[in-house]
Amino acid sequence: MRVVYTLALAAITAGISIAQPTIGSESQPQVGDQWAFHNLILPLSENPIPTIGSGIAYDFSFIGDIIDPDLSDLPINMVDLDDMLNLRVREVFTQADVSDGTTLPDFANTVVSTELYVPNDYTFGLIGFLDILPEGIFQLGDGFFIPGVGLSELDFPDEAGLNVPFGLGLGDSLYAASSDVSVDVDFGSEDSTFNSTTFAYLGTGSLVTHFGDYDEIAVIRSIDDIQFFTRDIGSSDPFTFASRQIQVYYEFVLPGSFSPLITYDYSTFDLDNLTPATDDINIAFGLPRVLSSTDVVEASAIQLEVFPNPATERITLSFEQRDFGQVELQLIDPMGRMLKVWTSAGLSTGPQQLTYELPASLPAGNYWLRLSTNQQLATLPLQIH
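A. Geometry of the overall build of the protein chain. Along the protein chain, the regular secondary structure elements total 0 helices and 23 strands. Since a compact globule built from 385 residues should have a radius of gyration of about 21 Å, the 22 Å found for the protein chain is in line with a globular shape. Reported as C-alpha extents along the three principal axes, the dimensions of the protein chain are approximately 75 × 55 × 40 Å. Counting every position in the protein chain, which comprises 385 residues, the buried fraction comes to 46%. The long-range share in the protein chain, meaning contacts at least 24 apart out of those at least 6 apart in sequence, stands at 62%.

Right under this line is the structure:
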């Protein structure tokens, strides 16, 4: 069964000229896309809930200076991305990949799989099955994958859960609900789970992180309300309430990227005021390593040039913009690591010339510039003196 959901559209205040990106199908996961992840547990007193609104400049660049002993003895912005959790999108797993005898459902051709793993130490990964439909991205199931062994502990709920809704604009909200019934033989119980999520598009603005500057992002709040019920196996009595878990997420979303750039979340017992239940909150980042929704072309195809080259403090990029919209420039080191991201929104068609300040104290050497537009991606070599 498909998840049940309703959409409520709110009126947008007229006369305000602020970029209001709509989260649509351009944000669907593409096979080959990859993000580096890390999650931090930080004191709420030092990291209060951000003020959300239109045209706000959000700054999470401080994350790059944090040293997390569970990850490395280096600041996060110096850690090799292959030593972090990485999420990649791949072709859907098949029955041949299953190691524990579970029978996979017959997937539609819109389904892809995801793997969450550490590249330098891939002993096991968390995997997911996503169905990409016109309404949004639905979570069909999940499990584990062990290289050389296969899939195990797969779980496919009775109803798919809505992961990312498409078509939200500023001020819109959406309610989605799904349920599942399972049997726990070890505890002799039949368990029912009711999961509802309320999505709300609350804000827009710019975002600064330790890995990039973004001119146009959307802030989506989702409230997950999970209620657990139980009864004895074989009983015809009504389910009795067991527990409840409410989690609040603020996701800072870049249109065109399935994974949020920043996620700020915490638990609560207060649905009315969403007051945090603990003294700590979670802040996670998703650094885009590969976004393959664009066609790779030669630099000459879009008249892409950079000067000066070699460069020292700043560069100027010239190129031909084929369609109105956002462009993104990435600075890549010789190891393939993304050092910096610049975005420019609302560029018109035609010749463009943009100037960028290079990161301070960038070591001399050979680098790559990768420019992506709505439809195309091209690279250029860059020397730093």
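B. Broad picture of a nonpolar patch on the surface. Together, Phe-124, Leu-126, Ile-146 and Val-149 make up an exposed nonpolar region whose accessible area comes to about 350 Å². Among the secondary structure elements, Phe-124 is positioned in the loop between strand 5 (111-117) and strand 6 (125-133). For Phe-124, a relative accessible area of 46% corresponds to the partly exposed category.

C. Focus on the sheet that holds strand 17 (residues 305-307). Judged by pairing direction, the sheet is antiparallel, and its 3 strands sit side by side in the order 17-18-21 without closing on themselves. Where the open sheet ends on each side, the last strands, each with one partner, are strand 17 and strand 21 (350-357). Each neighbouring strand pair of the sheet contributes to a mean axis angle of 20°, computed without reference to strand direction. As defined by bridge partners, strand 17 adjoins strand 18 (residues 314-321) across 3 bridges and the pair is classed as antiparallel. Residue pairing across strands places Glu-305 opposite Ser-318, the latter belonging to strand 18.

D. Spotlight on the nonpolar core. Counting residues in each nonpolar core, the largest one holds 34 residues, and the members touching the most others are Leu-207 and Phe-252. Looking at this core, the elements that each hand over two or more residues are strand 2 (34-43), strand 12 (213-232), strand 13 (240-253), strand 14 (262-268), strand 15 (280-290) and strand 20 (338-347). Counting residues in each nonpolar core, the second largest holds 24 residues, with Leu-317, Leu-329, Leu-331 and Trp-342 among its members.

E. Representation of the side chain of Asp-225 in the model. With respect to the secondary-structure elements, Asp-225 resides in strand 12. In this structure the side chain of Asp-225 is engaged in a polar contact, spanning 2.6 Å, whose partner is the side chain of Arg-244. With residues up to four places along the chain from it excluded, the contact list for Asp-225 reads Phe-194, Asn-195, Ser-196, Arg-244, Gln-245, Ile-246 and Leu-271.

F. Inspection of the pattern of salt bridges at higher detail. Counted by the stated rule, this structure contains 5 salt bridges. For the salt bridge of Arg-88 with Glu-115, the shortest nitrogen-to-oxygen distance reads 2.7 Å. With Arg-88 in strand 4 (residues 85-91) and Glu-115 in strand 5, this residue pair connects regions lying 27 residues apart in the sequence. Residue classification places Arg-88 among the partly exposed residues on the basis of a relative accessible area of 31%.

G. Examining the packing of aromatic side chains more closely. Overall, the coordinates contain 15 aromatic pairs when judged by the stated rule. Here the aromatic rings of Phe-93 and Phe-129 are separated by 6.3 Å at their centres, their planes lie at 65°, and the arrangement is edge-to-face. Of this pair, Phe-93 sits in the loop between strand 4 and strand 5 while Phe-129 sits in strand 6, and the two are 36 residues apart along the sequence. For the cation-ring pair, Arg-90 lies above Phe-93, with the distance from its terminal atom to the ring centre recorded as 3.8 Å. Above the face of the Phe-239 ring, Arg-231 is positioned so that its terminal group lies 4.1 Å from the ring centre.

H. Expanded view of the confidence of the model for the protein chain. Overall, the predicted model of the protein chain reaches an average pLDDT of 87, with 90% of residues at or above 70. Within the protein chain, no element has a lower average pLDDT than strand 1 (residues 4-8), which sits at 40, and none a higher one than strand 14, at 97.

I. Inspection of the environment of Glu-91 at higher detail. Within the fold, Glu-91 resides in strand 4. Glu-91 gets classed as exposed once you look at its relative accessible area, which sits at 55%. Between the alpha carbons of Glu-91 and Tyr-266 there is a distance of 32 Å; along the sequence they are 175 residues apart. With sequence-adjacent residues up to four places away left out, Glu-91 is seen in contact with Val-31 and Ser-113.

J. Geometry of unusual backbone geometry. Cis geometry marks the peptide bond from Phe-307 to Pro-308; its omega dihedral reads -10°. When you line up the elements, Pro-308 lands in the loop between strand 17 and strand 18. Geometrically, the link from Asn-309 to Pro-310 is a cis peptide bond, its omega value of 15° lying close to zero. One non-glycine residue, Leu-274, lies in positive phi territory at about 55°. Exposure remark for Leu-274: the relative accessible area of 9% places this residue in the buried category. Although it is not a glycine, Gln-303 sits at a positive phi angle of roughly 55°. Position of Gln-303 relative to the elements: it lies in the loop between strand 16 (295-296) and strand 17.

K. How the structure looks around the environment of Asp-280. Tracing the backbone through its elements, the reader meets Asp-280 in strand 15. C-alpha of Asp-280 to C-alpha of Asp-265: the two residues are 15 residues apart in sequence and 9.7 Å apart in space.

L. Seen up close, the environment of Phe-319. Position of Phe-319 relative to the elements: it lies in strand 18. Given a relative accessible area of 4%, Phe-319 falls into the buried group. On a C-alpha basis, the gap between Phe-319 and Gln-352 in space is 5.4 Å, while along the polypeptide they are 33 residues apart.

Cut-offs applied
- Residues numbered from 1 in each chain as written.
- Predicted model: local features only at pLDDT ≥ 70, side-chain atom pairs only at ≥ 80, totals over all residues.
- Heavy atoms only, no water.
- Helix = DSSP H or I, 4+ residues; strand = E, 2+ residues; numbered from the N terminus.
- Rg over C-alpha atoms; globule rule 2.2 N^0.38 Å.
- Buried < 20%, exposed > 50% of the residue type's maximum accessible area, 1.4 Å probe, protein only.
- Contact = heavy atoms within 4.5 Å.
- Patch = residues over 30% accessible without salt bridge, like charges linked within 9 Å, V, L, I, M, F, W, Y side chains within 5 Å.
- Areas by Shrake-Rupley, 256 points an atom, 1.4 Å probe, with all protein chains shown as cover.
- Salt bridge = Lys/Arg side-chain N within 4 Å of Asp/Glu carboxyl O.
- Pairing = 2+ DSSP bridges.
- Axes fitted to C-alpha atoms, helices over the stretch in contact; angles between N-to-C directions.
- Core = buried A, V, L, I, M, F, W, Y, C linked by side-chain atoms within 4.5 Å.
- Polar contact = N/O pair within 3.5 Å; in protein donor to acceptor, adjacent residues only side chain to side chain.
- Phe/Tyr/Trp six-rings, centres within 6.5 Å; stacked < 30°, edge-to-face > 60°.
- Lys NZ or Arg CZ within 6 Å of the ring centre and 35° of its normal.
- pLDDT = per-residue confidence, 0-100.

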